[in-house]
Amino acid sequence: MKKIAVLTSGGDSQGMNTAVRAVAKAAISKGIEVYGIKRGYKGMLEDQIFHMSSLDVSGIADQGGTILLSARLPEFKNPEIRAKAAENLKKRGIEGLVVIGGDGSFHGAHHLYEEHGIKTIGIPGTIDNDIAGTDYTIGYDTALNIILDAISKLKDTAISHERTYLVEVMGRNCGDLALYSAIAGGASGVMIPEIKSSIEDIAEVIKKRRSQGKLYDIIVVAEGAGNVLEIEKELSKKVDTSIRVTILGHTQRGGSPTASDRILATKLGIKAVELLIEGKAGLMVGMQSGKVTTHTLSYAWENYNKTSEEDYKIANMLSL
Ligand code: ADP
Ligand code: F6P
């Protein structure tokens, strides 16, 4: 393995830069040439590939976003498009590719390996935490802490005005950000895509809390659990508290990664390069019970089922 490339793809997440830095430094230290691909698979297709030095990754461990930029290219599902993109690596003699992204990006990496023999390794980078084979994805911890900070601020003003806040957080298919921010943030309720919760039940919780003299309610709503404005409309028919909606949106994807995300990104980045040096490919790296682990790329989506009904019950038990 003499030349490898690295790209970031899909929704960006805090810690992607830390992972890019680890990959580049680990490879350069072993005498491997490193190429950066801009804008994910789009840049791979459009030949936006440049030689990287350790200077390119210097001082980025703490920077949010991704210096390689990210993009979505739905056409990458088309094998002909993938063949064209693979050609841009082959013509440079690039044998290995580290893909930092979510499960969509892992699908692309899987196909590149199966169809074109590009030695791909996936590093889970997404705030959603929706990938099997790792306890946490890179960016999840930072996003969770951003939500907790927001909940804490909203709580102050909610109390002053004795209001109910519906806080929409990211997660179209995965409720981890919502569920664990609700538990850690002391929320009064949570709605996640994986488990149906009734607005009636939430209204009952609010009424009970108010009958106990509690002055506010924070309900965390994952974006995939339903339209938060519709939920507000329905809820307002059932309770007489003043309701406000706050959509945290893309604030959850920015800012400096937490220590935990930086360490995770660094360890996984180094492991990805080690695997390529060993000639391994078609794999993803993760951290499970404190150990760096490897699985096939398809393991990421085939075994994804992280929802903990037990933790959902805990969140609801703590709501009163
Ligand atoms: P994430 O990687 O965060 O899940 P997306 O689902 O948007 O984000 O996927 C990122 C990119 O990965 C897509 O824009 C596309 O280029 C590529 N991709 C997604 N799904 C597939 C697939 N089934 N086959 C090939 N490439 C895919
Ligand atoms: O996958 C990461 C994520 O932030 C999801 O939580 C969210 O649903 C989606 O990306 C938002 O995508 P976009 O950046 O296209 O608005």
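Before reading further, recall that the structure is shown in the block above.
As the structure is a computational prediction, the values presented were derived from the model and not from experiment.

(A) Region of the structure containing the site of ligand 1. Around ligand 1, 16 residues are found, and the nearest of them are R72, L73, G102, G104 and S105. One of the backbone nitrogen or oxygen atoms of G104 is found 3.0 Å away from an oxygen atom of ligand 1. At 2.5 Å, a side-chain N or O of S105 approaches an oxygen atom of ligand 1. Burial of ligand 1 by the protein chains amounts to 82% of its free accessible area of 550 Å². In terms of residue count, helix α4 (residues 103-116) provides more of the shell around ligand 1 than any other element does, six residues in total.

(B) Seen up close, the environment of I277. Topologically, I277 is positioned in helix α9 (residues 259-277). If we skip the residues at most four places from it in the chain, I277 touches K30 and I32.

(C) Spotlight on the packing of aromatic side chains. Inspection of the entire model under this criterion finds two aromatic pairs. Judged by centre distance (4.0 Å) and plane angle (10 degrees), the rings of Y41 and F76 are stacked. In this pair, Y41 is assigned in helix α2 (residues 40-45) and F76 in the loop between β3 (49-52) and α3 (79-90), connecting sequence segments 35 residues apart. In this structure, Y41 and F76 share a single accessibility class: buried. Centre to centre, the rings of Y136 and Y140 are 5.7 Å apart; their planes meet at 5 degrees, and the pair counts as stacked.

(D) Highlighting the site of ligand 2. If you check the shell around ligand 2, you find R72, D128, M170, G171, R172, E223, H250 and R253 and nothing else. One of the side-chain nitrogen or oxygen atoms of H250 is found 2.8 Å away from an oxygen atom of ligand 2. In the environment of ligand 2, an oxygen atom lies 2.8 Å from a nitrogen or oxygen atom belonging to the side chain of R253. Out of a free accessible area of 400 Å², ligand 2 has 79% covered by protein chains. Split into classes, the residues belonging to the shell around ligand 2 amount to one nonpolar, two polar and five charged.

The rules we used
- Residues numbered from 1 in each chain as written.
- Chains lettered and ligands numbered in written order.
- Predicted model: local features only at pLDDT ≥ 70, side-chain atom pairs only at ≥ 80, totals over all residues.
- Heavy atoms only, no water.
- Near = heavy atom within 4 Å.
- Polar contact = N/O pair within 3.5 Å; in protein donor to acceptor, adjacent residues only side chain to side chain.
- Areas by Shrake-Rupley, 256 points an atom, 1.4 Å probe, with all protein chains shown as cover.
- Helix = DSSP H or I, 4+ residues; strand = E, 2+ residues; numbered from the N terminus.
- Contact = heavy atoms within 4.5 Å.
- Phe/Tyr/Trp six-rings, centres within 6.5 Å; stacked < 30°, edge-to-face > 60°.
- Buried < 20%, exposed > 50% of the residue type's maximum accessible area, 1.4 Å probe, protein only.
- Nonpolar A, V, L, I, M, F, W, Y, C, P; charged D, E, K, R; others polar.

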